[in-house]
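Each chain, written out:
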Amino acid sequence: QVQLVESGGGSVQAGGSLRLSCAASGFSFTYYSMGWFRQAPGKEREGVAAIYTGSGSTYYDDSVKGRFTISRDIAKNTVYLQMNSLKPEDTAMYYCARGLYPGRWDHLEKANYGFWGQGTQVTVSS
């Protein structure tokens, strides 16, 4: 079955960096959109960055453009989120997700993502 396992979260000071990983299994990795979403306490889950694993096309929310980079390693079935210049407002639980249907570029349309990891916490202190 589909499994998504996130890792790499932690606590950093503002201006620092973290790299999140999402190890995927149970499906053909190169046929789906993969996204990173985040949810802060009391807020809705929001999209951060997405990648279409086959072509490598990427899409970012405006709040992270120029600071975060999404990438994938097809040989390892893994998606990464490199986060630089972190801000306190980036503090949240970060989730990896897979698009519902193969062959579709889902950008950050949350409703189009149907499989979620357990999340990894990112805390940025000022």
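What this report covers is the structure whose coordinates are included nearby. (Residues numbered from 1 in each chain as written. Predicted model: local features only at pLDDT ≥ 70, side-chain atom pairs only at ≥ 80, totals over all residues. Heavy atoms only, no water.)

**Focus: the packing of aromatic side chains**
This model, assessed by the stated rule, comprises 4 aromatic pairs. Measuring from ring centre to ring centre gives 5.4 Å for Phe 27 and Tyr 32, while their planes differ by 85 degrees; the resulting arrangement is edge-to-face. Note on Phe 27: relative accessible area 14%, which makes it buried. Given a relative accessible area of 11%, Tyr 32 falls into the buried group. Above the face of the Trp 116 ring, Arg 45 is positioned so that its terminal group lies 4.7 Å from the ring centre. Over the aromatic face of Tyr 32 sits the side chain of Arg 98, whose NZ or CZ is 3.7 Å from the ring centroid. (Phe/Tyr/Trp six-rings, centres within 6.5 Å; stacked < 30°, edge-to-face > 60°. Buried < 20%, exposed > 50% of the residue type's maximum accessible area, 1.4 Å probe, protein only. Lys NZ or Arg CZ within 6 Å of the ring centre and 35° of its normal.)

**Section: the sheet that holds strand β3 (residues 18–25)**
Strands sit in the order β1-β3-β8-β7 across an open sheet of 4 strands; the sheet is antiparallel. Two strands bound the open sheet, and with one partner strand each, they are β1 (3–7) and β7 (68–73). Sheet twist, expressed as the mean angle between neighbouring strand axes with direction ignored, is 15 degrees. Pairing of β1 with β3 involves 5 bridges; the strand directions are antiparallel. In the sheet register, Ser 7 faces β3, and the bridge partner there is Ser 21. (Pairing = 2+ DSSP bridges. Helix = DSSP H or I, 4+ residues; strand = E, 2+ residues; numbered from the N terminus. Axes fitted to C-alpha atoms, helices over the stretch in contact; angles between N-to-C directions.)

**Focus: the environment of Phe 29**
Tracing the chain through its elements places Phe 29 in the loop between β3 and β4 (33–39). Separated by 52 residues in the primary sequence, Phe 29 and Leu 81 have C-alpha atoms spaced 17 Å apart. Not counting residues up to four positions away in its chain, the partners in contact with Phe 29 are Ala 24, Thr 53, Arg 72, Asp 73, Ile 74, Asn 77, Thr 78 and Val 79. (Contact = heavy atoms within 4.5 Å.)

**What to know about the pairing of strand β8 (residues 78–83)**
With 5 of its 6 residues buried, β8 lies for the most part within the structure. Two elements, β3 and β8, share 6 bridges in a ladder whose sense is antiparallel. Paired with Arg 19 across the two strands is Gln 82, which belongs to β8. Examined bridge by bridge, β7 and β8 share 6 bridges and lie antiparallel to one another.

**Considering the pattern of salt bridges**
Any two side chains of opposite charge can pair, given that their charged atoms come close. Applying the stated criterion across every chain, the model contains 6 salt bridges. With its nearest N and O atoms 2.9 Å apart, the salt bridge here joins Arg 38 to Asp 90. You can see Arg 38 sitting in strand β4 and its partner Asp 90 sitting in the loop between β8 and β9 (92–99), a full 52 residues away along the chain. The exposure class assigned to Asp 90 is buried, which follows from its relative accessible area of 1%. Here Glu 44 ties to Lys 110 by a salt bridge, and the two come within 3.8 Å at their closest N and O atoms. A residue pair is termed long-range when its members are at least 10 positions apart, and Glu 44 in the loop between β4 and β5 (46–52) and Lys 110 in the loop between β9 and β10 (113–116) qualify at 66 residues. According to the relative accessible area criterion, Lys 110 is partly exposed, its value standing at 34%. (Salt bridge = Lys/Arg side-chain N within 4 Å of Asp/Glu carboxyl O.)

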